[in-house]
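Chain and residue survey
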Amino acid sequence: QVHVVESGGGLVQAGDSLRLSCAASGRTFSTYAMGWFRQAPGKEREFVAGITYGNTLYADSVKGRFTISRDNAKNTVYLQMNSLKPEDTAVYYCALQEPSGTYYLRFEARYDYWGQGTQVTVSS
């Protein structure tokens, strides 16, 4: 059984930074691709960023502001969020998928394991 736990959410002001963490256990973490998704109130869940063993992919809305990284020794993936905007307010989810290429990182249906989410609120 794979367990995925996100942390690091909170309430910040526009322009601030926040770093989310996602810890996974139960499988060989380094072989999995990881992704961050978010869901704002009244909207569908959307792709934010993903990382394979050596490549990353970002949604256009966060490119240049967010950075995804992973520490395989700690079974953890991070999402560094800078220059936060009110429209970044959402519940952020971390997920794992079997490695299948950078192209597939943005597809929610490709992910096998999900965390419970962490709330990020950005005030204006």
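Provided above is the structure to which this section pertains.
Described in the following lines is the structure provided in the data block. Each chain carries its own residue numbering, running from 1 in the written order of its sequence. In view of the model being predicted, local features appear only for residues whose pLDDT reaches at least 70, and side-chain atom pairs are presented and counted only at 80 or more, with totals across whole chains, interfaces and linings using the full set of residues. Hydrogens and waters are ignored; side-chain quantities use all the structure's heavy atoms.

**Quick look at the overall build of the chain**
- Within the chain, the regular secondary structure consists of zero helices and 11 strands.
- In the chain, the order of α-helices and β-strands from amino to carboxyl end is β-β-β-β-β-β-β-β-β-β-β.
- Taking 124 residues into account, the globule formula puts the C-alpha radius of gyration at 14 Å, and the chain, at 13 Å, falls close to it.
- Residue exposure (1.4 Å probe, protein chains only): buried if accessible area is under 20% of the type maximum, exposed if over 50%, otherwise partly exposed. A burial count over the chain gives 43% of its 124 residues as buried.
- In the chain, the proportion of contacts linking residues at least 24 apart, taken out of those at least 6 apart, comes to 60%.
- As displayed, the chain has an accessible area near 6400 Å², and 46% of this comes from carbon and sulfur atoms.
- The positive count covers Lys and Arg only, the negative count covers Asp and Glu only, and His and the chain ends enter neither. Charged side chains are reduced to one point each, which is NZ for Lys, CZ for Arg, CG for Asp and CD for Glu. Across the chain, the centroid of the 12 positively charged side chains sits 3 Å from that of the 11 negatively charged ones. Note on conventions: DSSP H or I runs of at least 4 residues are helices, E runs of at least 2 residues are strands, and numbering of each starts at the N terminus. For a compact globule the rule gives 2.2 Å times the number of residues to the power 0.38, and the radius of gyration it is set against comes from C-alpha atoms. The contact rule is simple, with two residues in contact once any of their heavy atoms fall within 4.5 Å. The Shrake-Rupley method, run with a 1.4 Å probe sphere, supplies the accessible areas, and residue values consider only the shown protein chains as cover.

**Things to note about a nonpolar patch on the surface**
- Each patch is built from residues that are more than 30% exposed by relative accessible area and take part in no salt bridge. Like charges join if they lie within 9 Å; nonpolar side chains (Val, Leu, Ile, Met, Phe, Trp, Tyr) join within 5 Å. The rule for a salt bridge is simple: a side-chain nitrogen of Lys or Arg has to be within 4 Å of a carboxyl oxygen of Asp or Glu. On the surface, a cluster of nonpolar side chains totalling about 310 Å² of accessible area is made up of Tyr103, Tyr104 and Phe107.
- Looking at the element boundaries, Tyr104 is found in the loop between strand 9 (90-97) and strand 10 (113-114).
- Taking the relative accessible area as the measure of exposure, Tyr104 reaches 30% and is therefore partly exposed.

**Observations regarding the pattern of salt bridges**
- Going through the model one piece at a time under the given rule, you end up with five salt bridges.
- The partner of Arg45 in a salt bridge is Glu108, and the shortest N-O contact between them spans 2.8 Å. Of this pair, Arg45 sits in the loop between strand 4 (33-39) and strand 5 (46-51) while Glu108 sits in the loop between strand 9 and strand 10, and the two are 63 residues apart along the sequence.
- Residue Arg45 is classed as partly exposed on the basis of its relative accessible area of 25%.
- When the shortest N-O distance is used, the salt bridge between Lys63 and Asp60 registers 3.2 Å.
- Linked through salt bridges whose partners overlap, the residues forming this network are Arg38, Glu46, Arg65 and Asp88.

**Examining the packing of aromatic side chains**
- Only centres within 6.5 Å qualify two rings of Phe, Tyr or Trp (six-membered ring in Trp) as a pair; their planes then separate them into stacked at under 30 degrees, edge-to-face at over 60, and tilted for everything else. Summed over all chains, the structure comprises eight aromatic pairs.
- Judged by centre distance (6.4 Å) and plane angle (55°), the ring pair of Tyr104 and Phe107 falls under tilted.
- These aromatic residues form a ring-pair network of at least three members: Phe37, Phe47, Tyr111 and Trp114.

**Here we look at the environment of Ser7**
- Along the polypeptide, Ser7 turns up in strand 1 (residues 3-7).
- A relative accessible area of 37% places Ser7 in the partly exposed class.
- With near-sequence residues (within four places) excluded, Ser7 lies in contact with Arg19, Leu20, Ser21 and Thr118.

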